[in-house]
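Here's the letter readout for the chains.
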Amino acid sequence: MQSEKKNWITNSLTESLIKFSKKNKNIVVLDADLSDDLNLKKFAKIFPNRFIQNGIAEQDMVSMAGGIALQGMLPVVNSFASFLTARANEQIYNNATENTKIIYLNLYAGLLPAGAGKSHQSLRDISLLNSIPNFRIFHPLNYIEVDQVLKHCIFKEKKNCAIRLSIGPPTKEILKLKTRINFKPGIGQEITKGKKVVIFSYGQYVLSEILKTVEILKIKNIFPTIVNMSTMNFFSTKWLKKIVNKHDYIFTIDDHSISGGLGDNILNELNKQKIIKNKNFFKIGIETFPECGTVEEVLKYHKLDSKSLYKTLISKIKNR
Amino acid sequence: MIVSSYKYFEKIRKLKINDYLKAEFISDLCRINTLTMIKIAGSGHIGTSMSAMDLFVWIKHFEYHNKLKNLKSKNRNIFFSSKGHDVPALYSVLYSLGVLKLNDILKLRKIDGLDGHPDLSIKGIEANTGSLGMGISKAKGICWAKNKLGHKGSVVVLTGDGEFQEGQIFESLQTTSHQNINNLIVIIDHNKIQSSQYVKNIIDLRDLKRKVEAFGWHVERCDGHSFSKIDQVFKKFEKIKNKPKLLIADTIKGKGLNKIEHTKVMKKNKYYNWHSGAPSDKEYNEMIKEIISRIKKKISKNRLNFDPFEKIEKNKLIKSYKSLDIH
């Protein structure tokens, strides 16, 4: 059954974690009894002495990781993003003030799947970590990128890392993707090359809807550039300037609350670099509590399905 | 203002008297320095600094001998306070060990001085604390990693009693024993007062010993101001290898200062008003006098021939910390 999940982000994360843990003996995995989606049992089987089952006690788990990091090891901490980053936020902050390095796995990040409802959907985790000065936040698009992001976090990154992980199988659109994913921290990757309009987004669910939207936009002779922006909170200024300057309309679409997500971070950077002038900037994201339902129902409710996105985009582009 | 210089602590350590008596002298001299630090800063948690002082002194001077050269050793003993607001006392003890300099401790709560709560950037500090409830979890992580990496050394963490109202404490009590992290010692500075009121009136901890034992811990209780009793408990703990250990140390908030000992204050007042803040000039002078006379009595009682503050009174009486000579 696990081999069928080869191209799932979650499964790939664990395979990569096992691979990298063979090289880096300092890695320790802590789990708050949410290991099934990641199949962390496989990690625990291979590295029984480097896996800590901490039970449903996120605050204790995060502080324990802090203590382990103080001894020079590299803790990788797993729980659902909504619990990990909100309930244990103060513990994460406290660890960060010690300038150690810890990798947090924000499992089940974003709106979807939406069957579990608002207690589980995580729309606040980027904003909750963003205000901690030494944090890097990523949201890999697919099973290939998650390996690249994890590799970067383990071997290159000096700061604390949070990796947002979408759960569930990859979408058809992501499976059909022709672009060879090549993750670079702080730099997005153009999945489609267009003109006039650029859309920054991330995550398999929302980006799939954008890919579908682009198909409909073709009829109206609009060809947007889609950027897979897997880095959430820091950007290469040079790259950002270049891509923004090539377009007139800039859209950001968050799989997160509209407040404090990628859109806000890009807007802040554009404003800081004074490259927002004469550009039309639109921020799209989730503005209410997340709705419960099927993927299709909930995307539609939050106007993030391809038809709603088409309407939103065309209204903004037309009116200008 | 009065300070007791490092050289007096060195002198006391070399005296041919028993460790308990040495600890009594060191504690009281550290009380003088703590008072002066808080007085200069204009704020600081005076009550808990005094209740935790004897525990700090015993652990740092006599139980684990944390000296400057050991500070970076992977095999060092690690001690930190989870509540953290008792840090003026800890700084004064670190000074008495030669880890911090006089110039450091007299710049408490200043931008180029020592933080109001513990920070790793300060020599001798092992963890960033102050927000209550996280310490046992963090100490547990340190213990786990020490065991995993084969590093020697014990780990001791001090908590408050009011701190036992934090939920994370109970998460950590449960996981520590389940995960067999048995090289951890927790000490509760049980001074019975949180902020300005009795813990039992805010949220009663009830039978703390039985509660903690139910989580799979070995629990001892003793007078947290009796060095011989603290020593006995530590010796007992050494023999217990199959459980994490917790000491409920019965202490007095404001210990060593008549005016602010909670047992006295609460007879007259409804609220304990010495949780934080600095004494007035008059109060400061009275407090210093009280400690000095106590030390002098102890010296004559034990027929000792030394005077750790004659010179302090004459030469170290200062108006501001800037005019101090630095050792």
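Residues numbered from 1 in each chain as written. Chains lettered and ligands numbered in written order. Predicted model: local features only at pLDDT ≥ 70, side-chain atom pairs only at ≥ 80, totals over all residues.

Novice: Before we move on, could you go through the sheet that holds strand β7 (residues 189-192) of chain A and cite the residues and values that matter?
Specialist: Residue and element names in this part refer to chain A. Ordered by their spatial adjacency, five strands build an open sheet running β7-β9-β8-β10-β11, and the pairing between neighbours is mixed. Strands with a single pairing partner mark the edges of an open sheet, and in this sheet they are β7 and β11 (280-286). Sheet twist, expressed as the mean angle between neighbouring strand axes with direction ignored, is 25°. Across four bridges, strand β8 (residues 196-201) lies against strand β9 (residues 225-228) in parallel orientation. Note on β9: the bridge partner recorded for I199 is I226. Sheet contacts for helix α11 (residues 262-272): β8, β10 (247-257) and β11; angle to β10, the most-contacted strand, approximately 140°. (Pairing = 2+ DSSP bridges. Helix = DSSP H or I, 4+ residues; strand = E, 2+ residues; numbered from the N terminus. Axes fitted to C-alpha atoms, helices over the stretch in contact; angles between N-to-C directions. Contact = placed C-beta atoms within 7 Å.)

Novice: Tell me about the sheet that holds strand β1 (residues 27-31) of chain A, and name the residues and values.
Specialist: Residue and element names in this part refer to chain A. Strand order across the open sheet formed by six strands is β2-β1-β3-β4-β6-β5, with parallel pairing between neighbours. Edge positions in the sheet fall to β2 (51-53) and β5 (135-138), since each of these pairs with one other strand and no more. Shown here is a sheet whose adjacent strand axes are inclined to one another by a mean of 20°, direction ignored. With five bridges joining them, β1 and strand β3 (residues 74-80) adopt parallel strand pairing. Across the sheet, residue I27 finds its bridge partner in β3, namely L74.

Novice: Could you give an account of the environment of L30 of chain A, with specific residues and numbers?
Specialist: All names here are of chain A. Relative to the helices and strands, L30 is located in strand β1. You can call L30 buried: it has 27 C-beta atoms within 10 Å. Linking L30 and P75, residues 45 residues apart in sequence, is a C-alpha distance of 7.0 Å. Beyond its immediate sequence surroundings of up to four residues, L30 is in contact with I52, N54, M61, M64, A65, P75, V77 and N78. (Buried ≥ 20, exposed ≤ 12 C-beta atoms within 10 Å, placed from the backbone.)

Novice: Go over the interface of chain A and chain B, please, and point to the residues and values.
Specialist: Taken residue by residue, the interface counts 21 residues in chain A and 21 residues in chain B. At the level of elements, α3 (58-70) and α5 (89-97) of chain A are the ones that each hand at least two residues to the side of chain A that touches chain B. In terms of residue count, α3 of chain A provides more of the side of chain A that touches chain B than any other element does, nine residues in total. Tallied by class, the residues present in the side of chain A that touches chain B amount to seven nonpolar, eleven polar and three charged. (Nonpolar A, V, L, I, M, F, W, Y, C, P; charged D, E, K, R; others polar.)

Novice: Can you lay out unusual backbone geometry for me, pointing to particular residues and giving the numbers?
Specialist: Residue and element names in this part refer to chain A. Residue P113 is bonded to the preceding L112 through a cis peptide linkage, with omega at -5°. Along the chain, P113 turns up in the loop between β4 (103-107) and α6 (125-130). At N99, a residue that is not glycine, the phi angle is positive and equals roughly 55°. Its location among the elements puts N99 in the loop between α5 and β4. Of note, K303 is a non-glycine position whose phi angle comes to about 55°, a positive value. For K303, the position within the fold is in the loop between α12 (295-301) and α13 (306-318).

Novice: So what's going on with the domain arrangement of chain A? Which residues, and what values?
Specialist: All names here are of chain A. Taken domain by domain, chain A comprises domain 1 (2-165) and domain 2 (172-318). Between domain 1 and domain 2, the C-alpha centre-to-centre distance is 25 Å. The partner domain 2 presents 31 residues to the 27 residues of domain 1 that form the contact. When contributions to the side of domain 1 that touches domain 2 are tallied by element, the ones reaching two or more residues are α6, β5 and α7 (143-156). If you tally residues by element for the side of domain 1 that touches domain 2, the top one is α7, at five residues. Across the side of domain 1 that touches domain 2, the residue classes break down as twelve nonpolar, eleven polar and four charged. (Domains from an automatic or database assignment.)

Novice: Could you give an account of the nonpolar core, naming the residues involved and the relevant values?
Specialist: In this structure, V77 and I163 of chain A together with Y91 of chain B are the most contacted members of the largest nonpolar core, which totals 184 residues. No other element matches helix α2 (residues 19-41) of chain B, which puts ten residues into this core. Residues within four places of I163 of chain A in sequence aside, it is in contact with I103, L105, N106, F138, P140, V149, L150 and C153 of chain A. (Core = buried A, V, L, I, M, F, W, Y, C linked by C-beta atoms within 7 Å.)

Novice: If you had to explain helix α3 (residues 46-63) of chain B to someone new, which residues and values would you point to?
Specialist: All names here are of chain B. Between its first and last C-alpha, α3 extends 24 Å over 18 residues, near the 26 Å set by a 1.5 Å rise per residue. The largest bend in α3 is about 45°, located at A52. Where burial is concerned, most of α3 is hidden: 17 out of the 18 residues are buried. Just downstream of α3, H65 is the residue with a positive phi angle, here 45°. (Expected span 1.5 Å × (residues − 1). Bend = angle between axes of the 7 residues up to and from the residue.)

Novice: I'd like a rundown of the packing of α2 of chain B against α3 of chain B, residues and numbers included.
Specialist: All names here are of chain B. Interhelical geometry of α2 versus α3 gives an angle of 140° and a closest axis separation of 9 Å. Judged on the interaxial angle alone, α3 and α2 are oblique. Every pair of crossing elements has a handedness; the one defined by α2 and α3 is right-handed. Between α2, through D19, A23, I26, S27, C30, R31, T34 and I38, and α3, the contact on the second element is made entirely by I46, S49, M50, M53, D54, V57, W58, H61 and F62. Looking at side-chain class alone, the contact of α2 with α3 contains ten nonpolar, four polar and three charged residues. (Parallel < 35°, antiparallel > 145°, perpendicular 65-115°, else oblique. Left-handed = near helix turned anticlockwise from the far one by under 90°.)

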